[in-house]
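Architecture and fold: a report
Read off the chains here:
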Amino acid sequence: MIKHIVFCIWMALCCGVLLFTVYIYAPGPSSDAGILFAAAMTALTFPSGLLVSASIAMLSMHHQEHWLAPIEDLPPFMSFGFLWVIFCVLGYLQWFKVLPWLWVKIRAFLSQ
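Reading the values: the criteria
- Residues numbered from 1 in each chain as written.
- Predicted model: local features only at pLDDT ≥ 70, side-chain atom pairs only at ≥ 80, totals over all residues.
- Heavy atoms only, no water.
- Helix = DSSP H or I, 4+ residues; strand = E, 2+ residues; numbered from the N terminus.
- Expected span 1.5 Å × (residues − 1).
- Buried < 20%, exposed > 50% of the residue type's maximum accessible area, 1.4 Å probe, protein only.
- Core = buried A, V, L, I, M, F, W, Y, C linked by side-chain atoms within 4.5 Å.
- Phe/Tyr/Trp six-rings, centres within 6.5 Å; stacked < 30°, edge-to-face > 60°.
- Polar contact = N/O pair within 3.5 Å; in protein donor to acceptor, adjacent residues only side chain to side chain.
- Contact = heavy atoms within 4.5 Å.

Describing helix H4 (residues 76-110)
In this model H4 runs 48 Å from its N-terminal to its C-terminal C-alpha over 35 residues, within 8% of the 51 Å that 1.5 Å per residue would give. Residues Ser79, Phe80, Gly81, Leu83, Trp84, Phe87, Cys88, Gly91, Gln94 and Phe96 constitute the buried set of H4.

Some details on the nonpolar core
Counting 15 residues, the largest nonpolar core has Trp10, Cys14, Phe37, Met41, Leu44, Trp84 and Cys88 as its most contacted members. Elements that contribute at least two residues to this core include exactly helix H1 (2-24), helix H2 (33-44) and H4.

A few points about the packing of aromatic side chains
All chains considered together, the criterion is met by eight aromatic pairs. Centroid distance Phe7 to Trp10: 6.5 Å. Interplanar angle 35°. Geometry classified as tilted. Here Trp10 and Phe7 lie together in helix H1, a separation of three residues that amounts to about one turn. Arranged with centres 5.2 Å apart and planes meeting at 50°, the rings of Phe37 and Phe80 form a pair that is tilted. Of this pair, Phe37 sits in helix H2 while Phe80 sits in helix H4, and the two are 43 residues apart along the sequence. Counting every residue linked through ring pairs, the aromatic cluster contains Phe7, Trp10, Tyr92 and Phe96.

Observations concerning unusual backbone geometry
Residue Pro47 is bonded to the preceding Phe46 through a cis peptide linkage, with omega at 5°. Turning to its location among the elements, Pro47 is positioned in the loop between H2 and helix H3 (48-62).

Regarding the side chain of Ser48
Residue position: Ser48 is located in helix H3. Among the polar contacts made by the side chain of Ser48, one reaches the main-chain carbonyl oxygen of Thr45 at a distance of 3.0 Å. Discounting residues that sit within four places of it in the chain, Ser48 has contacts with Leu90, Gly91 and Gln94.

This is a description of form; function is not addressed.
Spelled out as structure tokens, the structure:
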């Protein structure tokens, strides 16, 4: 029961970040919506969110000329939505699959 409540709260926060970011997004270099999005999603998916943020930063710096369209040229709901799915999938796997599995293994090991 607690796991489901925590999941619902976590998912609501993730959805809130996406909706708020798309709402406040203003095209152009003066928009800090991307920074807010990256910081909030990294915090919600920490530590795996650091890997996502670092990977996206490296890809955008080194391979942007090979993309069909730069990510900042996409509509905000597409670019933020794509990144949001990546953050959420990794965060979900980390917090609700891997961590409980590790907890069970550690408790079993300590009870021996």
